[in-house]
Amino acid sequence: MNEQNGFVDTMSQAAPGAVEIVQLKFRAGVSADDQLQAMRALDTIASKMAGFVSRDYFYDQDNEQWVDLVLWCDAQAAKAAGEAIMQAEGVAQIFALLDESATSLAHYSRMGGARAG
């Protein structure tokens, strides 16, 4: 926090080292409420993983597709969490709701960027 103006000084904060981007769709017949409930359940699971920084997800109503954006401290933490999450309680039931043919996941390492301010 910058004491002079009360704004968060994002340039001096450590930036996440990796991002995980998941594009996904749920199986036909999974209601919008059940989809949102599943996404929220994953918040609790992901936030307990080592190296977790933050998670945001977005929905495209026209294509009935989600984009899940998870920030990790580094690429190693992202990959380790990807393996560990498969063992987490409740994940199998959530993943069973997904249309695997319309789901993709990738990890990217931070190479640079810009911030407001």
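Overview of the structure. Source: prediction; values computed, not measured.

1. Examining the pattern of salt bridges
Then comes step 1: What the rule picks out here adds up to two salt bridges.
Then comes step 2: Asp43 is paired through a salt bridge with Arg55; the nearest N and O atoms lie 2.5 Å apart. Residue Asp43 is found in helix H1 (residues 32-47), and its partner Arg55 is found in strand S2 (residues 52-60); the two are separated by 12 residues along the sequence.
Then comes step 3: A salt bridge links Asp68 to Arg55; its shortest N-O distance comes to 2.9 Å. Within this pair, whereas Asp68 is found in strand S3 (residues 65-72), its partner Arg55 is found in strand S2, the two being separated by 13 residues in sequence. One exposure class covers both Asp68 and Arg55, and it is buried.
Then comes step 4: A single network of salt bridges, built from pairs that share partners, joins Asp43, Arg55 and Asp68.

2. Digging into helix H2 (residues 75-84)
Because an α-helix completes one turn every 3.6 residues, residues spaced three or four positions apart along the sequence face the same direction.
Then comes step 1: All of the buried residues along H2 are Ala75, Ala77, Ala78 and Ala81. Buried residues of H2, viewed axially, fall in a sector of 160 degrees; they line one side. In H2, the exposed positions that point more than 90 degrees away from the buried face belong to Gln76, Lys79 and Glu83.
Then comes step 2: As for H2, its buried residues are in contact with strand S1 (18-24), S3 and strand S4 (104-109).

3. Observations concerning the packing of aromatic side chains
Then comes step 1: Evaluated as defined, the whole model comprises four aromatic pairs.
Then comes step 2: When the centroid spacing of 4.8 Å and the interplanar angle of 50 degrees are considered together, the rings of Tyr59 and Trp66 count as tilted.
Then comes step 3: Residue Trp66 is classed as buried on the basis of its relative accessible area of 6%.
Then comes step 4: By way of ring pairs, the aromatic residues Phe26, Tyr57, Tyr59 and Trp66 are connected into one cluster.

4. Let's talk about unusual backbone geometry
Then comes step 1: Positive phi values are uncommon outside glycine, yet Glu64 reaches one of about 50 degrees.
Then comes step 2: Residue Glu64 is classed as exposed on the basis of its relative accessible area of 52%.

5. Brief notes about the sheet that holds S4
Then comes step 1: Taking strand neighbours across the sheet as the criterion, the four strands line up as S2-S3-S1-S4 in an open arrangement whose pairing is antiparallel. Sheet topology places S2 and S4 at the edges, where each strand pairs with a single neighbour. The average angle at which neighbouring strand axes cross in this sheet is 15 degrees, direction not considered.
Then comes step 2: Sheet topology note: the S2/S3 ladder contains eight bridges and is antiparallel. For Phe58, the partnering residue across the bridge sits in S3 and is Val67.
Then comes step 3: Against the sheet, H1 engages S1, S2 and S3, with an angle of about 170 degrees to S2.

Basis of the calculations
- Residues numbered from 1 in each chain as written.
- Predicted model: local features only at pLDDT ≥ 70, side-chain atom pairs only at ≥ 80, totals over all residues.
- Heavy atoms only, no water.
- Salt bridge = Lys/Arg side-chain N within 4 Å of Asp/Glu carboxyl O.
- Helix = DSSP H or I, 4+ residues; strand = E, 2+ residues; numbered from the N terminus.
- Buried < 20%, exposed > 50% of the residue type's maximum accessible area, 1.4 Å probe, protein only.
- Arc of directions from axis to C-beta.
- Contact = heavy atoms within 4.5 Å.
- Phe/Tyr/Trp six-rings, centres within 6.5 Å; stacked < 30°, edge-to-face > 60°.
- Pairing = 2+ DSSP bridges.
- Axes fitted to C-alpha atoms, helices over the stretch in contact; angles between N-to-C directions.

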